[in-house]
Amino acid sequence: LTQVTIPPLVTSIKMFTFQNCTSLSQIIIPPSVTSIEAHAFFNCSSLKQIDFPPFLTSIGRNAFFECSSLTQINLPFSVNSIGSYAFCGCKSLEEITIPFSVVSIGDHAFDRCSSLTYIEIPSLIESIGNYVFNECSSLINIEIPPSVISIGNYAFSGCKSLRSIKIPFSVVSIGDHAFNKCSSLLQIEIPVSLKSIGNYAFRGCSSLSKFTIPPSVSSIGNNVFDKCSSSLQKSFKSFLDSREKCI
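Described in the following lines is the structure provided in the data block. (Residues numbered from 1 in each chain as written. Predicted model: local features only at pLDDT ≥ 70, side-chain atom pairs only at ≥ 80, totals over all residues. Heavy atoms only, no water.)

1. A few points about empty space enclosed by the protein
Here is the rule we go by: Each cavity reported here is a set of points on a 1 Å grid over the protein atoms alone in which a 1.4 Å probe fits but cannot get out, each pocket an open set with protein on both sides within 12 Å along at least five of seven lines, and each lining residue one with an atom within 4 Å of a point. Grid points are joined across faces, edges and corners, and a volume is the space filled by probe spheres set on the points.
For the structure shown, the criterion picks out one cavity of 30 Å³ or more. Of the pockets and cavities examined, the largest cavity occupies roughly 40 Å³. As for the largest cavity, its lining consists of I105, I121, I125, S127, I128, G129, V132 and F133.

Shown next, in the form of C-alpha cells:
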C-alpha cells in the first residue's frame, strides 16, 4: 500500500486504520474529516507529507508516531488538541505550525523530533507537559506564551542546540529535569512569579554561567545544577547556604 485516497463524507480516520503501513507515501484526506484518532498513521515511516483537512479539530494519541519521513506539518486553525505522542519520533520534521486554536498538547507530543529547529507555542496553552520537546536536539529557539503556568518534567530535556529561553511571568513551576542536557543554553530569564524548581532541572547545562533565583521560589529540588560549570555550582551552593541561615 503506497497511496490512499479517503472517500468524501468520511468524518473520522479511526484508530489503527493505517498503523504500520510502512510503504504508504501519499494520502489524500477529504475536507469532511474532523478527527484523526489514536494510532491512525502509527509508524507510516514512508509518509513524507500530509495535507490536513480545513475543519480538523483533534489529533489523537500516537497518531503519527514514528512517521520518520515527515518533513513539514501545517495544522489548520480548527485544531484544538494534539494528543500524547502524536508526532513522537518524527525525526525528519523540520517545521511545524501550531495554530493559536490549540488549547492542549499531550505529553511526548514532539518527543525525539530531532530535526525541529523552531516552534511557537500557542497563546492558549497553560501547561507544557512532560517530555513534550524531549530530545529535540536541533531546536534553537522557542517562544513560550504568557498563558503558560507550568513546565513539565523533561519538557526540554536533551535540547542541546537551545541557546536561550525566556520564561514568562505566568510560570510558577519548572519540573524535574525540565532543561536537562541543554548543553548550549547560555542564558535563561527566570520570572519573579516562579515558586518551584524541580530535581535536576538544569542538569548538564554546561554552557550556563549565570542564574538568578528570585525570592519567590519556595521549593528547590535536588541537584538542580548537577554537571553544570563549577562556578555556577559554587554560586548556587552559596545561595543555598545563605538561604538556610535566613530560615
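Now that the structure has been shown, we can carry on.
2. What to know about the layout of surface pockets
To find the voids left in a structure, one rolls a probe of water-molecule size over its atoms. For the largest pocket, the calculated volume is near 180 Å³. Every residue along the wall of the largest pocket is listed here: F77, E94, E95, I96, T97, I98, P99, F100, T117, Y118, I119 and E120.

3. Topic: the sheet that holds strand β4 (residues 35-36)
Condition: Here a strand pair is declared whenever DSSP counts at least two bridges between the two strands. Each helix is a run of H or I in the DSSP string that is no shorter than four residues. Each strand is a run of E no shorter than two, and both are numbered from the N terminus.
Spatial strand order, β2-β4-β5-β7-β9: five strands in an open sheet with parallel pairing. Edge positions in the sheet fall to β2 (12-13) and β9 (104-105), since each of these pairs with one other strand and no more.

4. Quick word on the sheet that holds strand β11 (residues 127-128)
Pairing is parallel across the open sheet formed by five strands, whose spatial order is β11-β13-β15-β17-β18. Each of the sheet's edge strands pairs with one partner strand only, and the pair in question is β11 and β18 (219-220). Summarising the sheet, β11 and strand β13 (residues 150-151) pair through two bridges and their orientation is parallel. Opposite S127, over in β13, you have S150 as the bridge partner.

5. So, the packing of aromatic side chains
Two aromatic rings, taken as a pair, are described by how far apart their centres are and by the angle between their planes. Applicable threshold: Aromatic contacts are taken between Phe, Tyr and Trp rings whose centres are within 6.5 Å, Trp giving its six-membered ring; a plane angle under 30 degrees counts as stacked, one over 60 as edge-to-face, and the others as tilted. A simple rule labels every residue: compare its accessible area, found with a 1.4 Å probe on the protein chains alone, to the largest value its type can have, and call it buried under 20%, exposed over 50%, or partly exposed in between.
Using the criterion set out here, one finds 16 aromatic pairs in the structure. On the numbers, 5.6 Å between centres and 5 degrees between planes, the contact of F87 with F110 is stacked. With a gap of 23 residues between them, F87 in the loop between β7 (81-82) and β8 (95-97) and F110 in the loop between β9 and β10 (118-120) connect regions that are remote in the sequence. The same class applies to F87 as to F110, namely buried. A centroid spacing of 5.7 Å and a plane angle of 15 degrees characterise the contact between F202 and F225, whose relative ring orientation is stacked.

6. Topic: the side chain of H177
Basically, it comes down to this: Throughout, a residue-residue contact means that at least one pair of heavy atoms, one from each residue, lies within 4.5 Å.
Inspection of the secondary structure assignment puts H177 in the loop between β15 (173-174) and β16 (187-189). Given the relative accessible area of 16%, H177 is considered buried. Residues in contact with H177, not counting those within four places in the same chain, are Y154, S157, N199, Y200 and A201.

7. Some words on the pattern of salt bridges
Quick reminder of the rule: Whenever a carboxyl oxygen of Asp or Glu lies within 4 Å of a side-chain nitrogen of Lys or Arg, that contact is scored as a salt bridge.
By the definition in use, this model includes four salt bridges. Residues E66 and R112 are paired through a salt bridge, measuring 3.2 Å at the closest nitrogen-oxygen approach. Of the two residues, E66 is situated in the loop between β5 (58-59) and β6 (72-74) and R112 in the loop between β9 and β10; the sequence distance between them amounts to 46 residues.

8. Digging into the nonpolar core
Formally: In this description, a nonpolar core means a group of buried Ala, Val, Leu, Ile, Met, Phe, Trp, Tyr and Cys residues linked to one another through side-chain atoms lying within 4.5 Å.
F41, F64, F110, F156, F179 and F202 are the most contacted members of the largest nonpolar core, which totals 78 residues. When residues no more than four places from it in sequence are discounted, the contact partners of F110 are I82, F87, I96, I98, I105, I119, V132, F133, N134 and C136.

9. As for the side chain of S193
So the rule is basically this: Contacts described as polar in this section are N or O atom pairs within 3.5 Å, which, within protein, must combine one atom able to donate a hydrogen with one able to accept it, while residues neighboring in sequence count only if both atoms come from side chains.
Along the polypeptide, S193 turns up in the loop between β16 and β17 (196-197). Engagement of the side chain of S193 in a polar contact is seen with the backbone oxygen of V171, the distance being 2.9 Å.

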